[in-house]
Amino acid sequence: MIEIAIDGTAASGKGTLARKLAEKYNFIYLDTGLLYRKVANELIIKKKNISNDLEYHSSVIARNLNFLEIKKEDLRSEETAKLASLIATHPKLREILNLKQKEFVEENKKKFSGCILDGRDIGTKILPNANFKFFIDASIEVRAKRRLLEKNISFLHEKDEKCMLQFLIKQMNDRDKLDIKRSISPLVPADDAYVIDTTFIDADELFLKVTKIIDEI
Ligand code: C5P
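Rules behind the numbers
- Residues numbered from 1 in each chain as written.
- Predicted model: local features only at pLDDT ≥ 70, side-chain atom pairs only at ≥ 80, totals over all residues.
- Heavy atoms only, no water.
- Helix = DSSP H or I, 4+ residues; strand = E, 2+ residues; numbered from the N terminus.
- Rg over C-alpha atoms; globule rule 2.2 N^0.38 Å.
- Buried < 20%, exposed > 50% of the residue type's maximum accessible area, 1.4 Å probe, protein only.
- Contact = heavy atoms within 4.5 Å.
- Areas by Shrake-Rupley, 256 points an atom, 1.4 Å probe, with all protein chains shown as cover.
- Lys, Arg positive; Asp, Glu negative; His and termini not counted.
- Charge placed at Lys NZ, Arg CZ, Asp CG, Glu CD.
- Near = heavy atom within 4 Å.
- Polar contact = N/O pair within 3.5 Å; in protein donor to acceptor, adjacent residues only side chain to side chain.
- Phe/Tyr/Trp six-rings, centres within 6.5 Å; stacked < 30°, edge-to-face > 60°.
- Pairing = 2+ DSSP bridges.
- Core = buried A, V, L, I, M, F, W, Y, C linked by side-chain atoms within 4.5 Å.
- Axes fitted to C-alpha atoms, helices over the stretch in contact; angles between N-to-C directions.
- Parallel < 35°, antiparallel > 145°, perpendicular 65-115°, else oblique.
- Left-handed = near helix turned anticlockwise from the far one by under 90°.
- Nonpolar A, V, L, I, M, F, W, Y, C, P; charged D, E, K, R; others polar.

Novice: Just to check I follow, could you spell out the overall build of the chain for this structure?
Specialist: Within the chain, the regular secondary structure consists of nine helices and five strands. Along its sequence from the N terminus, the chain presents helices and strands in the succession β-α-β-α-α-α-α-β-α-β-α-α-β-α. Computed over C-alpha atoms, the radius of gyration of the chain comes to 17 Å, within 12% of the 17 Å expected from 2.2 N^0.38 for 217 residues, which places it in the range of a compact globule. Dimensions of the chain along its principal axes, counting C-alpha atoms only, are 45 × 45 × 30 Å. For the chain, the proportion of its 217 residues judged to be buried stands at 49%. Put simply, 83% of the contacts in the chain that link residues at least 6 apart link residues at least 24 apart. When the accessible surface of the chain is split by element, carbon and sulfur atoms take 53% of a total near 11,900 Å². The distance from the centre of the 38 positive side-chain charges to the centre of the 35 negative ones in the chain is 3 Å.

Encoded structure:
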């Protein structure tokens, strides 16, 4: 099975890239951030006291996680993302979710000729022997603008838009810092990853760049 590992910062374009590659090559795709977001969302719904044994509560939820129940649209809020990033610093939770990701790959080996996983530690931890590793990044301003566009708020006044953009920049910066600085599986490019900056290129150009690398090899 061909393995493609895609890591990178929030809103860098890695998710769109992963989806497009999965479609082109007919590979199975897993957005691993959704697992962390799902656990965070369950904590919010169940109103678990987040300062009180967060690692225990998130681990219980993670153990019972059913991939089929994860619905992306429920999980996109920055509140969920912030908590996801916080619980992602806990070794026990990561251990459980790492196992689930590896099981997912194993289970799909017979059904698909390739798999694509995107996240923060795919090339370094989950698929260390992946055939292709990509690390996607872009400037924080460009990434925040993409997030704002995703929210589809076309009625915003210019002043409110600027304000929201600043807010998003702060939120995303805080989250990146936590992901990069944590001691367990921090967000870093694998030594053998292709590092691509998408500040000045759009999703189609990124897709072309990556498929050129894959198809040449
Ligand atoms: O990719 P997404 O923004 O949905 O991920 C939410 C959070 O989950 C990240 O900020 C990160 O803290 C955590 N995560 C992780 N390892 C992964 C995927 C996501 O630590 N493989």
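Novice: Would you take a moment to explain the site of the ligand for this structure?
Specialist: Lining the immediate environment of the ligand, one finds 15 residues, of which Arg-37, Arg-94, Arg-120, Arg-175 and Asp-179 sit closest. In the model, an oxygen atom of the ligand is placed 3.4 Å from a nitrogen or oxygen of the Ser-85 side chain. Here the ligand, which alone exposes 450 Å², has 98% of that area covered by the protein. With three residues, the single largest contributor to the shell around the ligand is helix H2 (residues 33–45).

Novice: Which parts of the structure should I look at to understand the packing of aromatic side chains?
Specialist: The geometry of an aromatic ring pair comes down to the distance between the two centres and the angle between the two planes. For the coordinates displayed, the defined rule picks out two aromatic pairs. Residues Phe-134 and Tyr-194 carry aromatic rings whose centres are separated by 5.5 Å and whose planes lie at 25 degrees to one another, so their mutual orientation is stacked. Residue Phe-134 is located in strand S4 (residues 132–137), and its partner Tyr-194 is located in strand S5 (residues 194–197); the two are separated by 60 residues in the primary sequence.

Novice: Explain the pairing of S4 here, please?
Specialist: When a strand is regular, its side chains alternate between the sheet's two faces. The element S4 is extensively covered by neighbouring structure, given that five of its six residues are classed as buried. With four bridges joining them, S4 and S5 adopt parallel strand pairing. Looking at the pairing, Phe-135 lines up with Val-195 of S5.

Novice: Would you explain unusual backbone geometry in this entry?
Specialist: If a residue is not glycine, its phi is most likely negative; likewise, a peptide bond is most likely trans. Unusually for a residue other than glycine, Ala-11 sits at a positive phi of about 60 degrees. On the basis of relative accessible area, Ala-11 is assigned to the buried category, the value being 9%. At Asn-26, a position not held by glycine, the phi torsion is positive, near 60 degrees. With respect to the secondary-structure elements, Asn-26 resides in the loop between helix H1 (14–25) and strand S2 (28–31). Classification of Asn-26 by relative accessible area gives exposed; the value is 54%.

Novice: When you look at the nonpolar core in this model, what are you seeing that I'm missing?
Specialist: Inside soluble globular proteins, nonpolar side chains tend to come together where they are buried. Counting residues in each nonpolar core, the largest one holds 20 residues, and the members touching the most others are Ile-6, Leu-21, Ile-116 and Phe-134. Listed by contribution, the elements that provide at least two residues to this core are strand S1 (2–8), H1, S4 and helix H9 (203–216). One finds Leu-83, Ala-88, Ile-96 and Leu-97 within the second-largest nonpolar core, a separate group that totals 19 residues.

Novice: How should the packing of H1 against H9 be read in this particular structure?
Specialist: Packed helix pairs are characterised by how far apart their axes lie and by the angle those axes make with each other. Look at H1 against H9: their axes get within 10 Å of each other, and the N-to-C directions meet at 50 degrees. Between H1 and H9, the angle is such that the two are oblique. Taken as a pair, H1 and H9 cross one another with a handedness that is right-handed. Here Thr-16, Leu-17, Lys-20, Leu-21, Lys-24 and Tyr-25 of H1 come into contact with H9, specifically with Ala-203, Asp-204, Leu-206, Phe-207, Val-210, Thr-211, Ile-214 and Asp-215. Split by residue class, the contact of H1 with H9 holds eight nonpolar, two polar and four charged.

Novice: Would you explain the sheet that holds strand S3 (residues 114–119) in this entry?
Specialist: Within a sheet, neighbouring strands are paired by backbone hydrogen bonds and run either parallel or antiparallel to one another. Taken together, five strands build an open sheet; the order of strands is S2-S3-S1-S4-S5 and the sheet is parallel. The strands lining the two open edges of the sheet, one partner per strand, are S2 and S5. Within this sheet the neighbouring strands show an average axis-to-axis angle of 15 degrees, counted without direction. Lying over the sheet, H1 contacts S1, S2, S3 and S4, oriented at roughly 170 degrees with respect to S3. Seen against the sheet, helix H5 (residues 91–108) touches S1, S2 and S3 and runs at an angle of roughly 170 degrees to S2.

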